[in-house]
Amino acid sequence: NAGVTQTPKFRVLKTGQSMTLLCAQDMNHEYMYWYRQDPGMGLRLIHYSVGEGTTAKGEVPDGYNVSRLKKQNFLLGLESAAPSQTSVYFCASSSPGLRIEQYFGPGTRLTVT
Amino acid sequence: DQQVKQNSPSLSVQEGRISILNCDYTNSMFDYFLWYKKYPAEGPTFLISISSIKDKNEDGRFTVFLNKSAKHLSLHIVPSQPGDSAVYFCASSEDFGNEKLTFGTGTRLTIIP
């Protein structure tokens, strides 16, 4: 049981490049989330999904897109990376109704130059 | 507007003594409160939670206190151990089935041997 995994762990992009971050969970959780963590800002919700095929915007969605084609996977895309998107990205999953807490992946450190 | 605030960015405590981490919130709709612990280069891990119908919840060395009238919660760690050195985030949710958590900015706890 791996829990929540994220790929890749590190990435450096040039401004304007695109990339996709992959999150996978093996806990059969319905809900999945993408957060970013910046110094002094805590964790801020980018997008989330309450089930396969559904997504919704969080607090800071601009510049990101997401897809949830399979229940176990949640993808975060950056179409045209900007230096302001330099951050650590965390994926999480949860099963509301059973336990309130979210389970987090190890994070992806992204640098945009 | 920061709905969940952790006003102390850092805290140092002697090993064996009590660590007290504080969190204030402004949203009166928050009904569930959680504490997460985060080590460097890892994702946050769930520590303890409390519902608004309680004023205290205990789990081993960790106790969370909730003062609804003051919109304040605190995490007590007794006795503090070197492995407790980490960043602690408080988080809040409007109800048990709500998919969104609002996080504070974190407090870095250092336990001095």
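Residues numbered from 1 in each chain as written. Chains lettered and ligands numbered in written order. Predicted model: local features only at pLDDT ≥ 70, side-chain atom pairs only at ≥ 80, totals over all residues. Heavy atoms only, no water.

A. Structural context of the pairing of strand 8 (residues 73-78) of chain A. Residue and element names in this part refer to chain A. One ladder, built from six bridges, connects strand 3 (residues 19-25) with strand 8; its direction is antiparallel. Bridging across to strand 8, Leu-21 finds its partner in Leu-76. As judged from the three bridges shared by strand 7 (residues 65-67) and strand 8, these two strands associate in the antiparallel manner. Of the residues in strand 8, the one forming a bridge with Val-66 is Leu-76. Here strand 7 folds back onto strand 8, and the loop between the two strands holds five residues. (Pairing = 2+ DSSP bridges. Helix = DSSP H or I, 4+ residues; strand = E, 2+ residues; numbered from the N terminus.)

B. The arrangement of the sheet that holds strand 8 of chain A in detail. Residue and element names in this part refer to chain A. Across the sheet, four strands lie side by side as 1-3-8-7; this open sheet has antiparallel pairing. Taken across any chain shown, the strands that pair with only one partner, and hence form the sheet edges, are strand 1 (4-7) and strand 7. Taken pair by pair, the neighbouring strands of this sheet meet at an average axis angle of 20 degrees, ignoring direction. (Axes fitted to C-alpha atoms, helices over the stretch in contact; angles between N-to-C directions.)

C. Quick look at the interface of chain A and chain B. Contact with chain A, which involves 22 residues of that partner, is made by 20 residues of chain B. Here chain A packs against chain B, burying approximately 1,700 Å² in sum over the two surfaces, 67% of which is carbon and sulfur. Sorting the residues of chain A by area buried against chain B places Leu43(A), Ile100(A) and Phe104(A) first, and these three jointly supply 34% of that buried surface. Joining chain A to chain B, the criterion identifies zero salt bridges. One can count one residue pair in polar contact (both at pLDDT 80 or more) joining chain A with chain B. Of all the elements in the fold, those that place two or more residues in the side of chain A that touches chain B are strand 4 (31-38), strand 5 (42-51) and strand 10 (99-104) of chain A. For the side of chain A that touches chain B, the per-class residue count stands at 14 nonpolar, six polar and two charged. (Contact = heavy atoms within 4.5 Å. Buried area = accessible area lost by both parts, 1.4 Å probe. Salt bridge = Lys/Arg side-chain N within 4 Å of Asp/Glu carboxyl O. Polar contact = N/O pair within 3.5 Å; in protein donor to acceptor, adjacent residues only side chain to side chain. Nonpolar A, V, L, I, M, F, W, Y, C, P; charged D, E, K, R; others polar.)

D. The environment of Ile48(B), seen in detail. All names here are of chain B. Within the secondary structure, Ile-48 is located in strand 5 (residues 45-51). As a C-alpha pair, Ile-48 and Cys-90 span 42 residues in sequence and 9.8 Å in three-dimensional space. Residues in contact with Ile-48, not counting those within four places in the same chain, are Phe-33, Leu-34, Trp-35, Asn-57, Glu-58, Asp-59, Phe-62, Thr-63, Val-64 and Leu-75.

E. Unusual backbone geometry, seen in detail. A cis amide bond links Thr7(A) with the next residue in sequence, Pro8(A), at an omega value of -5 degrees. Within the secondary structure layout, Pro8(A) lies in the loop between strand 1 and strand 2 (10-13). Between Val78(B) and Pro79(B) the backbone carries a cis peptide bond, its omega angle lying at -15 degrees. Relative to the helices and strands, Pro79(B) is located in the loop between strand 8 (72-77) and strand 9 (86-93). Of note in the backbone geometry, Asn28(A) takes a positive phi value of approximately 60 degrees without being a glycine. Along the polypeptide, Asn28(A) turns up in the loop between strand 3 and strand 4. With phi around 65 degrees, Ala41(B) is a residue other than glycine that occupies positive phi space. Considering the arrangement of structural elements, one finds Ala41(B) in the loop between strand 4 (32-38) and strand 5.

F. Broad picture of the state of the cysteines. Tallying each qualifying case throughout the model produces two disulfides over all chains. What pairs with Cys23(A) in a disulfide is Cys91(A), and their sulfur atoms sit 1.9 Å apart. Taking the sign of the torsion about the S-S bond as the criterion, the disulfide between Cys23(A) and Cys91(A), at about -75 degrees, is left-handed. Taken together, the residues span a long stretch of sequence, with Cys23(A) in strand 3 and Cys91(A) in strand 9 (residues 87-95) at a distance of 68 residues. Judged by relative accessible area, Cys23(A) falls into the buried class, the value being 0%. Classification of Cys91(A) as buried rests on a relative accessible area of 0%. There is a disulfide in this structure between Cys23(B) and Cys90(B), and the S-S distance comes to 1.9 Å. One disulfide, between Cys23(B) and Cys90(B), carries an S-S torsion of 65 degrees and so falls in the right-handed class. With a gap of 67 residues between them, Cys23(B) in strand 3 (residues 19-25) and Cys90(B) in strand 9 connect regions that are remote in the sequence. (Disulfide = S-S within 2.5 Å. Buried < 20%, exposed > 50% of the residue type's maximum accessible area, 1.4 Å probe, protein only.)

Worth remembering: the numbers are spatial, not functional.
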